[in-house]
Amino acid sequence: MKKICLLLLTIYLLQGCKMGSNTTPEKGVSFALNEYRKKTIDSIQYEITLDIPEGKSGQIRGEETVTFNLASLDSALVLDFNVDSSSITSVTIGEKNVYYQFVNEHIVIPSKHLNKGKNSIHVSFIAGDLSLNRSEDYLYTLFVPDRASTCFPLFDQPNLKASYRLTLKTPAGWEAVSNSKLRSKTQENGKNIYQFRETKPISSYLFAFAAGQFSKATKQVGGREMTMYYRETDTAKVNRNLGEVFNLHAKSLTWLEKYTDFSYPFGKFDFVLIPSFQYGGMEHPGSIFYNESALFLDENPSVNRLLARASVIAHESAHMWFGDLVTMDWFNDVWLKEVFANFMAAKIVQPSFPEINHELRFLLAHYPNAYEVDRTRGANPILQELGNLKNAGTLYGAIIYMKAPIVMRKLEKMIGRNLMQQSLQEYLETYAFKNARWDDLISIIDKKTPQEIAKWSDVWVKTPGMPAYEIGEKDYKTTLMQVKDSVSGRIWQQPLTSKERDTQDGKLVFPNGDASGYGYFEMDSLSKKYFIEHYNEPDSIFNDPVFKGAMWVNIWEGFLRDPKANPELLVTNLLKMLPKESNPLLIDYMLGILQRTCWSFLNEKERSSQQHELEKVLWQLLNETKDKGIKTSYFRSFKNLATTSDGLEKMKSLWNGKLVIKDLVLSEDDKISLACELALKQPEISEQVLQEQLTNTKNPDRKAKLEFVIPALNPSEPIRDEFFESLKKEASREKEAWVIDALGYLHHPLRAKSAVKYLRPSLEMLQEIQLTGDIFFPTRWLHSTFSGHSSKEAAAVVNAFLIQNPGYPSFLRNKILQETDMLQRAVEKLPRMHE
């Protein structure tokens, strides 16, 4: 009988859910379902009520009315709801229960219950928790890219924009915020009732709300009212940052309105600062969510930290136009919203930091991170393929955030700033509150210029990897020549320059001296040696920060690509150059190279031989540097690299307050980080230091995070094993930022040998992590897992996994290849390390 029922159900679904292709809806939103619904459904409105209980474990009950127009009755209606079928209480139309099927995370309603034209469906349900990010006294949504359907039923695809009317019933004492203005706040049965006005048409991944015990501040800046919600308990820290946070938002919005010639499109403008938020920020219209630590900075932040804060604010503000007002049609074009947000952010922050060399900042903020992916065997193009929305999160990464703005900058230089601005204004005007594709913008630009933009785009946007160049001669002139490309006949069109210097050793060439080119530019040994020996000499070239930045990028790329390159020599040169450098951007980049080289490329013997000089130089610079921001950078590098008994004693004295360095102000976060480093590097005092730090930590969110991380720091390997085993449970991975920090300690280079056994299970968990975690979690999971490893044993685990899983999803295979590339390069150098 059971088999007969299953057969009848299958026949029913094949007849009623065909979506033009005689198939049942698969899990997620397939491209076919996306296209069918886009053609047949419009004018969507959601009216949603959610009843939120105290704590984090009680069920959130929901009521929803979905209203829409239907153009065709040739197929069953498919609503997305990624929960268990028991979460659906009822489905009614006109107060009558209707027959539906729950298939592959979809509510499927036969077309006989529907009308051609206007329809209204009511669903009673229990909200799914996956994307509600619940804590005991607050929660917040994060629905990008396809996670709204893990909370409530809807058409969860970006090109079905809809308006939302939300009502939240919360515990007394809780605040609530959403995309639109608050219409009313009342009390009923001991609960707050928040009713929000109807939103403008927005895509489902942009709908958002947060509720809980938040403080809030409201300010009028430039005639615009803004409200900030936050949980930070350090009032001095809040007051120190509050004014600048509001001002940076106001400046960004004013600049964007002027550039786009389009007024801010969503009325209300609020933002919510959340502890351990998964991203730097998320661009919900009218209610941007941020990682609290990204905006509330400690005292004496480095210029990079200040720039990062200004940039994330500018980035999320730019999304109000690029991504929210005009949204990609399908998530394969997700890069389109990100490239414009980063591209605009780079322009926006410049007036706020006139003392900064912004060409250098753009170089160091974008090129090295893009190369981190483009140099690997897992490199992906900017515009990627996407067959199902459930895999959209895998499209995110350094290529769309870092390489795409470089490419957009090249496009602007090709066609001119004015034409770029005019084209973007036409793009926004044409597609306001609608959806668009990259090719739609290219067609606008193509009409305005005779250049072959589409052909140029085919290489830079639609193919993976990076060009490589070597120095050659053409027509008796030194020139940069593209090395044979991995794609036959592919030419990377870009203007290239080099700086030249005549010396007693002959003519020296410094490729890509103005940093305008993208790719690997091979430097010869004489030019590298001359650059290092004459660093910072009073010379028009060697005093140019952009030139120095470009050469450091070349040197690092060359080191990574040469299996015979000597890491000890690189460390020695960096320690010689750092005292000569005063530019904070260059210092931060050089310190990053120093830390990576020491932990990934020096073996234990080499590290030991360098350690005394390393700590001596960093400690001296920490104490003697006058710039407070640079001083903080040296402190963090010393904390990261110190391992000698003298260095650890200095760290302990800084942690317990017995040692004070002038103008170095240590925050609660700094004290926690010092305690964790001490616990890792001095196992004998681990328990005492961590327990004391727990007692001293006042902020409840930071205390909870430290309690989570402590088992990963435990000197006992069985306890660390038990902690890793706990991460196999989805519930243990709820606070993703906490997990990432813990993994960093679990796989620290000092504990890498004992952590090799975690590598294979970590790879085996990746598919589940991709489906249950947020968009950056798979990449961060891999990075935190493998960045501490540099052994043959670790590389063998990766290679065996890939060989034994030939059918592994390509998008995840690429992530593995990207995040283990540094490991493979470290292993390539092992023969030299054992000579």
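Conventions adopted
Residues numbered from 1 in each chain as written. Predicted model: local features only at pLDDT ≥ 70, side-chain atom pairs only at ≥ 80, totals over all residues. Heavy atoms only, no water. Pairing = 2+ DSSP bridges. Helix = DSSP H or I, 4+ residues; strand = E, 2+ residues; numbered from the N terminus. Axes fitted to C-alpha atoms, helices over the stretch in contact; angles between N-to-C directions. Parallel < 35°, antiparallel > 145°, perpendicular 65-115°, else oblique. Left-handed = near helix turned anticlockwise from the far one by under 90°. Contact = heavy atoms within 4.5 Å. Nonpolar A, V, L, I, M, F, W, Y, C, P; charged D, E, K, R; others polar. Expected span 1.5 Å × (residues − 1). Bend = angle between axes of the 7 residues up to and from the residue. Polar contact = N/O pair within 3.5 Å; in protein donor to acceptor, adjacent residues only side chain to side chain. Patch = residues over 30% accessible without salt bridge, like charges linked within 9 Å, V, L, I, M, F, W, Y side chains within 5 Å. Areas by Shrake-Rupley, 256 points an atom, 1.4 Å probe, with all protein chains shown as cover. Salt bridge = Lys/Arg side-chain N within 4 Å of Asp/Glu carboxyl O. Lys, Arg positive; Asp, Glu negative; His and termini not counted. Charge placed at Lys NZ, Arg CZ, Asp CG, Glu CD. Core = buried A, V, L, I, M, F, W, Y, C linked by side-chain atoms within 4.5 Å. Buried < 20%, exposed > 50% of the residue type's maximum accessible area, 1.4 Å probe, protein only.

The next thing to look at is the sheet that holds strand S4 (residues 88–93). One open sheet holds the 8 strands; their spatial order is S5-S4-S8-S2-S1-S10-S13-S12, and the pairing between them is mixed. Both outer strands of the open sheet, strand S5 (96–97) and strand S12 (182–188), are each paired with one neighbouring strand and no more. With 6 bridges joining them, S12 and strand S13 (residues 191–196) adopt antiparallel strand pairing. Residue serine 184 lies in a different strand from S13, and its bridge partner there is glutamine 195.

Let's shift gears to the packing of helix H8 (residues 398–415) against helix H11 (residues 453–460). The geometry of H8 relative to H11 is characterised by a closest axis approach of 12 Å and an angle of 160° between their N-to-C directions. The pairing of H8 with H11 is recorded here as roughly antiparallel in orientation. Where H8 crosses over H11, the handedness of that crossing is right-handed. Side by side, H8 and H11 meet where Lys403, Val407, Lys410, Leu411, Met414 and Ile415 of the first sit next to Ile453, Trp456 and Trp460 of the second. Of the residues belonging to the contact of H8 with H11, the class tally is 7 nonpolar, no polar and 2 charged.

Moving on: helix H3 (residues 235–260). In a regular helix each residue adds 1.5 Å, so 26 residues correspond to 38 Å; H3 covers 37 Å between its end C-alpha atoms and thus fits that length. Along H3, the largest kink reaches about 35° and is centred on asparagine 241. Between the side-chain oxygen at the start of H3 and the backbone nitrogen of alanine 236 there is a gap of 3.1 Å, and the oxygen is on aspartate 234. A positive backbone phi angle near 55° is found at aspartate 261, which sits one or two residues after H3.

The next thing to look at is the environment of serine 633. Locating serine 633 in the fold gives a position in helix H17 (residues 628–641). Sequence spacing of serine 633 and methionine 551 is 82 residues, and the spatial spacing of their C-alpha atoms is 21 Å.

On the surface, a cluster of negative charge is made up of Glu470, Glu522, Asp524 and Asp562. Relative to the helices and strands, aspartate 524 resides in the loop between strand S26 (520–521) and helix H12 (525–533).

In this structure, Trp335 and Leu594 are the most contacted members of the largest nonpolar core, which totals 280 residues. If you tally residues by element for this core, the top one is helix H6 (residues 334–349), at 12 residues. Setting aside chain neighbours within four positions, we find leucine 594 in contact with Val571, Leu574, Leu575, Leu578, Leu614, Leu618 and Leu641.

In this section: the sheet that holds strand S14 (residues 209–212). In space, the 3 strands of this open sheet follow the order S9-S14-S11, with antiparallel pairing throughout. Of all the strands in the sheet, just strand S9 (138–140) and strand S11 (175–178) have a single pairing partner and so form its edges. Sheet twist, expressed as the average angle between the axes of neighbouring strands with direction ignored, equals 5°. Bridge analysis of S9 against S14 gives 3 bridges, and the strand direction is antiparallel. Bridged to tyrosine 138 within S14 is glycine 212.

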